[in-house]
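# Fold and contact review
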Amino acid sequence: MTSDFRAPATFHYIAFYDLLADAAFQHRCAAVESDSFRMNRYARASVIAAALSVECAANCLIHSLELSATLRTELDKLPALAKVETFLLLSEFGALDRGRVEVQRMKELITARNEYVHPKVTAIEAVVEEPKDAGHEWHVPFSIDGEHWSGLQIPKKAMFWSNANSQTTLRAIAEFFRYLFVELMKSTSEQLHEILPSRIQVGDMHMLAVFEEFKREIAGASEFGVDFSFLGLTE
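What counts as what
- Residues numbered from 1 in each chain as written.
- Predicted model: local features only at pLDDT ≥ 70, side-chain atom pairs only at ≥ 80, totals over all residues.
- Heavy atoms only, no water.
- Salt bridge = Lys/Arg side-chain N within 4 Å of Asp/Glu carboxyl O.
- Helix = DSSP H or I, 4+ residues; strand = E, 2+ residues; numbered from the N terminus.
- Buried < 20%, exposed > 50% of the residue type's maximum accessible area, 1.4 Å probe, protein only.
- Contact = heavy atoms within 4.5 Å.
- Polar contact = N/O pair within 3.5 Å; in protein donor to acceptor, adjacent residues only side chain to side chain.
- Pairing = 2+ DSSP bridges.
- Axes fitted to C-alpha atoms, helices over the stretch in contact; angles between N-to-C directions.
- Disulfide = S-S within 2.5 Å.
- 1 Å grid on protein atoms, 1.4 Å probe; cavity = no way out; pocket = protein on both sides within 12 Å on 5 of 7 lines; lining within 4 Å.
- Points joined across faces, edges and corners; volume = space filled by probe spheres on them.
- Nonpolar A, V, L, I, M, F, W, Y, C, P; charged D, E, K, R; others polar.
- Expected span 1.5 Å × (residues − 1).
- Core = buried A, V, L, I, M, F, W, Y, C linked by side-chain atoms within 4.5 Å.

### Focus on the pattern of salt bridges
Scanning the entire structure with this criterion turns up twelve salt bridges. Across the pair Glu217 and Arg28 runs a salt bridge, and its minimum N-O distance is 2.9 Å. Here the residue Glu217 occupies a position in helix α8 (residues 212-219), and Arg28 occupies one in helix α1 (residues 16-31), the gap between them amounting to 189 residues. On the accessibility criterion, Glu217 (15% relative accessible area) is buried. Between Arg113 and Glu55 there is a salt bridge, with the nearest N and O atoms lying 3.3 Å from each other. With Arg113 in helix α5 (residues 101-117) and Glu55 in helix α2 (residues 36-63), this residue pair connects regions lying 58 residues apart in the sequence. Salt bridges here are not isolated pairs; linked through shared partners, they connect Arg28, Glu217 and Glu223.

Encoded structure:
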């Protein structure tokens, strides 16, 4: 006997766990890649997904507040860390400590993301070596070395990013989220589940809608020394 049960529902899509899973997956690809060209591209994808997860989390926090549509629109124009601090203050969790290394790293990561999506001409010191005859053309070997972010300790330019940098970035966002969700907000996994995951709403009932593949990928980040267990996603 088949069931013809159907009910109107709403799917509330939130990209936070998609982005965390992307960051972990792309790093996993970079970690096993021996070709530097492909490794760099996987690492770029991982670092950018990590940065976007911070911005998404900030938007989730603002969205969880009971605000007028006008105020929500105005707050949406704030930078990500300003959104986080606004949420903390309005929710009486206290201020975001901008001097904390976890926060400083996120400031650098967001700046790196902005520079990645708004690229500009950049002068980087280089050393050119003696040209070599390659038959139909000349090869001119050269070497370049970029600056590093002081807190995040990854190169400022994405062209230098490697699997070591994507791993460092994964650890940095995990430490920031732990500081935010556990230390400042003292959130339980149930409380985080009301803010961060996508969900299906049927009437007044809400059900989490996170792919099992995402859960496994995020939990699997522990292989790289990155702990997201405090999110309670795999409980």
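There is more to say, and it comes next.
### Section: the environment of Thr168
Relative to the helices and strands, Thr168 is located in helix α6 (residues 163-184). The partly exposed category is assigned to Thr168, whose relative accessible area is 30%. Sequence-distant contacts of Thr168, that is, excluding residues within four places in its chain, are made with Leu152 and Ile154. A polar atom in the side chain of Thr168 sits 3.0 Å from the backbone oxygen of Ala164.

### With respect to the sheet that holds strand β7 (residues 205-208)
Within a sheet, neighbouring strands are paired by backbone hydrogen bonds and run either parallel or antiparallel to one another. One open sheet accounts for three strands, arranged β1-β6-β7; its pairing is antiparallel. A strand with exactly one partner marks an edge of an open sheet, and here the two such strands are β1 (10-12) and β7. Direction aside, the axes of adjacent strands within the sheet are offset by 25 degrees on average.

### Regarding unusual backbone geometry
Backbone geometry places Glu92, a non-glycine residue, at a positive phi of 60 degrees. Relative to the elements of secondary structure, Glu92 occurs in the loop between α4 (80-90) and α5.

### Digging into the pairing of strand β6 (residues 199-202)
The sheet contact formed by β1 and β6 spans three bridges and is antiparallel. Along β6, the bridge assignment pairs His12 with Arg199. For β6 and β7, the ladder comprises four bridges, and the chain directions are antiparallel. The residue bridging Arg199 from the neighbouring strand is Leu208, located in β7. Connecting the antiparallel pair β6 and β7 is a turn made up of two residues, with Gly203 showing a positive phi of about 65 degrees.

### Some points on the state of the cysteines
One pass over the structure, following the stated rule, counts zero disulfides. With no disulfide of its own, Cys56 lies closest to Cys60 among cysteine sulfurs, the gap being 4.2 Å.

### With respect to the layout of surface pockets
Rolled over the atoms, a probe sized like a water molecule indicates the empty space that remains. In this structure, the largest pocket encloses a volume near 320 Å³. Residue lining of the largest pocket: 13 residues in total, with Glu115, Pro119, Lys120, Thr122 and Lys157 positioned closest to the centre. Examining the composition of the lining of the largest pocket, we find that three residues originate from one element, α5, more than from any other. The residue inventory of the lining of the largest pocket, partitioned by class, reads six nonpolar, two polar and five charged.

### Remarks on α2
Residues spaced three or four apart along an α-helix face the same direction, because each turn holds 3.6 residues. The terminal C-alpha atoms of α2, which comprises 28 residues, lie 40 Å apart, in line with the 40 Å expected from a rise of 1.5 Å per residue. The distance from a side-chain oxygen at the start of α2 to the backbone nitrogen of Phe37 is 3.1 Å, and the residue carrying that oxygen is Asp35.

### Some words on the nonpolar core
Residues Phe16, Ile173, Phe177, Phe181, Phe228 and Leu231 are the most contacted members of the largest nonpolar core, which totals 65 residues. Listing elements by their share of this core, those giving two or more residues are α1, α2, α4, α5, α6 and α8. Residues within four places of Phe228 in sequence aside, it is in contact with Leu20, Leu170, Ile173, Ala174, Phe177, Ile218 and Ala221.

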